[in-house]
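As a plain string of letters, each chain reads:
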Amino acid sequence: AAELAFALEPLPPGERPPPPAASEEDARDLDAYTLAKCYFDLKEYDRAAYFLRDCKSQKAYFLYMYSRYLSGEKKKDDETVDSLGPLEKGQVKNEALRELRVELSKKHKARELDGFGLYLYGVVLRKLDLAKEAIDVFVEAAHVLPLHWGAWLELCNLITDKEMLKSLSLPDTWMKEFFLAHIYTELQLIEEALQKYQSLIDAGFSKSTYIISQIAVAYHNIRDIDKALSIFNELRKQDPYRIENMDTFSNLLYVRSMKPELSYLAHNLCEIDKYRVETCCVIGNYYSLRSQHEKAALYFQRALKLNPRYLGAWTLMGHEYMEMKNTSAAIQAYRHAIEVNKRDYRAWYGLGQTYEILKMPFYCLYYYRRAHQLRPNDSRMLVALGECYEKLNQLVEAKKCYWRAYAVGDVEKMALVKLAKLHEQLNESEQAAQCYIKYIQDIYSCGEIVEHLEISSAFRYLAQYYFKCKLWDEASVCAQKCCAFNDTREEGKALLRQILQLRNQGETSSTDVAAPFFLPASLSANNNPTCRVPPLDLSSPTP
């Protein structure tokens, strides 16, 4: 709230609203409340609750209940540290939750809870895995106290899809716009999120560092790395001591292998505050980029000691264990990430990769499908799904996946090659040739000429295909291209000799097969697939 207020123009003195008047109960409980608040700030929660036990005001009642809740959480964390194995850790519970639920539900039925009380009641219900009841309570809390961002954030963690979001009756307030932008980012509906943030900027929040950081995170999510990096650099100029979201910034620097910039960021954050979760993640990314994976994992573990519910650290630690070939630890880390946030596609994708290494295709199929449902327009998930179906010999489903990966905009430029190889396996030579032609077009159009590994095999296949079709001109063009690559040079020369020999014998080029060299009809520019498609509905056995 303070960040948003700072981003706005200050109000003239005459227009400032007066502070809310204190009630009689607030005045009576003021001394006890002030004392308890001091104990609360010192993290002496039981002591704070003891001095608030007889207070009657809403404010004091919330602090009393919240102190009891945090006391239970603190005891749970202490027990978790003392417990031996991962199985025991899962069994440690906050003992205060059931009592708090009983007391708060009585107050709720009597309609005696204010916005903060409703928020706490919702948190207790969520902790007891009563998600449906928790959502209703958080919606009520947002209606009673719309400016309490905590209630909106809790609600955000419980919403799983857009349909569920539409079904909620939310208060019509400006805070709802911030909430919708946030939830759209979480649900990977990036275009809608960016539109919301733009409308908030137009409404007067153009200087808000919170909005700038959220826009950068949104671009990071759609892998527009250059745009995200430039926004983060701008944010660093405006707020040089900011630590929030800097772990996302470090992920971008890592992807681009920008070692000096990542090193500078890590040193800079270390100077500001080395015991922050984000700082530990940035340092972990720095060591990971230097291929010091044990050291990187150590820093991600340190981050998780500071905050066991920090999602990014669990996922990154899973990646490090994968690099260290420690699959069981990687699986455990990814599972923790999913426990914290079921919408984290990276953790589902990581689990799929881990089970792929363990040669368990049924399992990795299940996890890749979950990742694909969360990111229906991410070609990497679709290519991984296709590879899985190929291993399970479900070639029709594999073809669907590779085609869809190409349709949504293939990031790694591998979908068409894999599709072509599948057509080769199934002796569908015409379709295979069309895929290879389109693949070569794509590679040459984006300037990655001769850099790509599969381009030589594409030319080799096309040369043989045109040779079989007796299209000597096209075959010789492809064979000449083959001579430019080490692995296909000899085959290209041999084919050129054969073509020359046949031409000398008087063999004419065939006119029966209409196979134009660089523009097959089914894959022409006018027939490009659409960019936005719904998730695949692939029915197949799952574990």
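It should be emphasised that the depicted structure is a prediction, and the values quoted were computed from it without experimental measurement.

Trainee: Please provide a residue-by-residue account of the overall build of the protein, values included.
Mentor: For the protein, the helix and strand inventory stands at 29 helices and zero strands. The buried share among the 543 residues of the protein stands at 49%. As displayed, the protein offers around 29000 Å² of accessible surface, 52% of which is attributable to carbon and sulfur atoms.

Trainee: Now, about the UniProt feature "repeat: TPR" (unreviewed entry) in the protein: what can you tell me, with residues and values included?
Mentor: The sites that carry the UniProt feature "repeat: TPR" (unreviewed entry) are, in the present numbering, residues 277–310 and 311–344. The span residues 277–310 is 79% helix and 0% strand, and its two end C-alpha atoms sit 8 Å from each other. Summarising residues 311–344: 79% helix, 0% strand, and an end-to-end C-alpha distance of 8 Å.

Trainee: So what's going on with a positive patch on the surface? Which residues, and what values?
Mentor: A cluster of basic residues, K93, R98, R101 and K109, forms a positive patch at the surface. With respect to the secondary-structure elements, K109 resides in helix α6 (residues 97–109). Looking at K109, the relative accessible area reads 72%, which means it is exposed.

Trainee: Explain the packing of aromatic side chains to me, using residue names and the numbers behind them.
Mentor: For the coordinates displayed, the defined rule picks out 25 aromatic pairs. Residues Y287 and Y299 carry aromatic rings whose centres are separated by 5.7 Å and whose planes lie at 25° to one another, so their mutual orientation is stacked. Here Y299 lies in helix α18 (residues 293–306) and Y287 lies in helix α17 (residues 277–289), a separation of twelve residues in the sequence. Of the two residues examined, Y287 and Y299, each falls in the buried class. A connected cluster of aromatic rings, assembled from ring pairs, spans F40, Y45, F62, Y66, Y69 and F116. Stacked on the ring of W348, the Lys or Arg R370 has its end atom at 4.3 Å from the ring centre. Sitting over the face of the ring of Y345, R375 holds its NZ or CZ atom 4.3 Å from the ring centroid.

Trainee: Break down the pattern of salt bridges for me, with residues and values.
Mentor: Any two side chains of opposite charge can pair, given that their charged atoms come close. One pass over the structure, following the stated rule, counts 25 salt bridges. Across the pair E112 and K107 runs a salt bridge whose closest N-O atoms are separated by 3.3 Å. On the basis of relative accessible area, E112 is assigned to the partly exposed category, the value being 40%. It is possible to trace a salt-bridge network through shared partners that takes in R68, E99 and E103.

Trainee: Please provide a residue-by-residue account of a negative patch on the surface, values included.
Mentor: Negative charge collects at one region of the surface, where D77, D78, E79 and E95 lie side by side. One can find E79 in helix α4 (residues 58–82).

Trainee: Quick rundown of the packing of helix α25 (residues 415–425) against helix α26 (residues 429–445)? Include the residues and the values.
Mentor: Contact geometry for α25 and α26: axes closest at 8 Å, N-to-C directions at 165°. Classified by the interaxial angle, the pair formed by α25 and α26 is roughly antiparallel. Relative to α26, the crossing made by α25 is left-handed. Facing L416, V417, L419, A420, K421, H423 and E424 of α25, the residues of α26 in contact are Q431, A432, C435, Y436, K438, Y439 and D442. Class assignment for the residues of the contact of α25 with α26 results in eight nonpolar, two polar and four charged.

Trainee: Explain the environment of L194 to me, and be specific about the residues and the numbers.
Mentor: Its place among the elements puts L194 in helix α12 (residues 190–205). Discounting residues that sit within four places of it in the chain, L194 has contacts with I215, A218 and Y219.

Trainee: I'd love a proper account of α26, names of residues and values included.
Mentor: Between its first and last C-alpha, α26 extends 24 Å over 17 residues, near the 24 Å set by a 1.5 Å rise per residue. α26 sits mainly inside the fold: twelve of its 17 residues count as buried.

Trainee: I'd like a rundown of the nonpolar core, residues and numbers included.
Mentor: Counting 173 residues, the largest nonpolar core has L104, L155, F179 and I183 as the members making the most contacts within it. Element by element, the count of residues in this core is highest for helix α27 (residues 455–468), at nine residues. Three or more residues apiece are contributed to this core by two domains, here domain 1 (342–450) and domain 2 (463–507). Other than its neighbours up to four places away in sequence, L104 contacts Y61, M65, L113, G117, L120, Y121 and V124.

Trainee: Break down unusual backbone geometry for me, citing the residues and quoting the values.
Mentor: In this model, D129 sits at a positive phi of 60°, which is unusual for a non-glycine residue. Inspection of the secondary structure assignment puts D129 in the loop between α7 (115–127) and α8 (131–144). For D129, a relative accessible area of 70% puts it in the exposed group. Positive phi, normally seen in glycine, also occurs at N393, with a value near 60°. By secondary structure assignment, the location of N393 is in the loop between α23 (379–391) and α24 (395–407).

Trainee: Give me helix α20 (residues 327–340): which residues, what numbers.
Mentor: The end-to-end C-alpha separation of α20 is 20 Å, in line with the 20 Å expected for 14 residues at 1.5 Å each. Elements that come into contact with the buried residues of α20 comprise α19 (311–323) and α21 (345–357).

Trainee: Tell me what's going on with the packing of helix α22 (residues 361–374) against α23, and back it up with residues and numbers.
Mentor: The geometry of α22 relative to α23 is characterised by a closest axis approach of 9 Å and an angle of 155° between their N-to-C directions. Between α22 and α23, the angle is such that the two are roughly antiparallel. Along this stretch, α22 crosses α23, giving a crossing that reads as left-handed. Facing P361, C364, L365, Y368, R369, A371 and H372 of α22, the residues of α23 in contact are M381, L382, A384, L385, C388, Y389 and K391. Taken together, the residues that form the contact of α22 with α23 break down as eleven nonpolar, one polar and two charged.

Trainee: Outline the confidence of the model for the protein, supporting the account with residue identities and numerical values.
Mentor: This prediction gives the protein a mean pLDDT of 83; 89% of its residues lie at or above 70. When the elements of the protein are averaged for pLDDT, helix α5 (residues 86–91) gives the smallest value, 51, and α17 the largest, 94. Contacts for the low-pLDDT stretch residues 511–543, under 50 throughout, to residues beyond four places or in other chains number 74 contacts.

Trainee: Could you give me a rundown of the side chain of D378, with the residues and numbers involved?
Mentor: For D378, the position within the fold is in the loop between α22 and α23. According to the relative accessible area criterion, D378 is buried, its value standing at 4%. Looking at D378, its side chain comes within polar contact range of the side chain of R375, at 3.1 Å.

Trainee: Got a sec to walk through the environment of R346? Specific residues and values, please.
Mentor: Residue position: R346 is located in helix α21. Placed 29 residues apart in sequence, R346 and R375 show a C-alpha to C-alpha distance of 9.8 Å.

Criteria and cut-off values
Residues numbered from 1 in each chain as written. Predicted model: local features only at pLDDT ≥ 70, side-chain atom pairs only at ≥ 80, totals over all residues. Heavy atoms only, no water. Helix = DSSP H or I, 4+ residues; strand = E, 2+ residues; numbered from the N terminus. Buried < 20%, exposed > 50% of the residue type's maximum accessible area, 1.4 Å probe, protein only. Areas by Shrake-Rupley, 256 points an atom, 1.4 Å probe, with all protein chains shown as cover. UniProt positions renumbered as here; feature names shortened; annotations may be inferred. Patch = residues over 30% accessible without salt bridge, like charges linked within 9 Å, V, L, I, M, F, W, Y side chains within 5 Å. Salt bridge = Lys/Arg side-chain N within 4 Å of Asp/Glu carboxyl O. Lys, Arg positive; Asp, Glu negative; His and termini not counted. Charge placed at Lys NZ, Arg CZ, Asp CG, Glu CD. Phe/Tyr/Trp six-rings, centres within 6.5 Å; stacked < 30°, edge-to-face > 60°. Lys NZ or Arg CZ within 6 Å of the ring centre and 35° of its normal. Axes fitted to C-alpha atoms, helices over the stretch in contact; angles between N-to-C directions. Parallel < 35°, antiparallel > 145°, perpendicular 65-115°, else oblique. Left-handed = near helix turned anticlockwise from the far one by under 90°. Contact = heavy atoms within 4.5 Å. Nonpolar A, V, L, I, M, F, W, Y, C, P; charged D, E, K, R; others polar. Expected span 1.5 Å × (residues − 1). Core = buried A, V, L, I, M, F, W, Y, C linked by side-chain atoms within 4.5 Å. Domains from an automatic or database assignment. pLDDT = per-residue confidence, 0-100. Polar contact = N/O pair within 3.5 Å; in protein donor to acceptor, adjacent residues only side chain to side chain.

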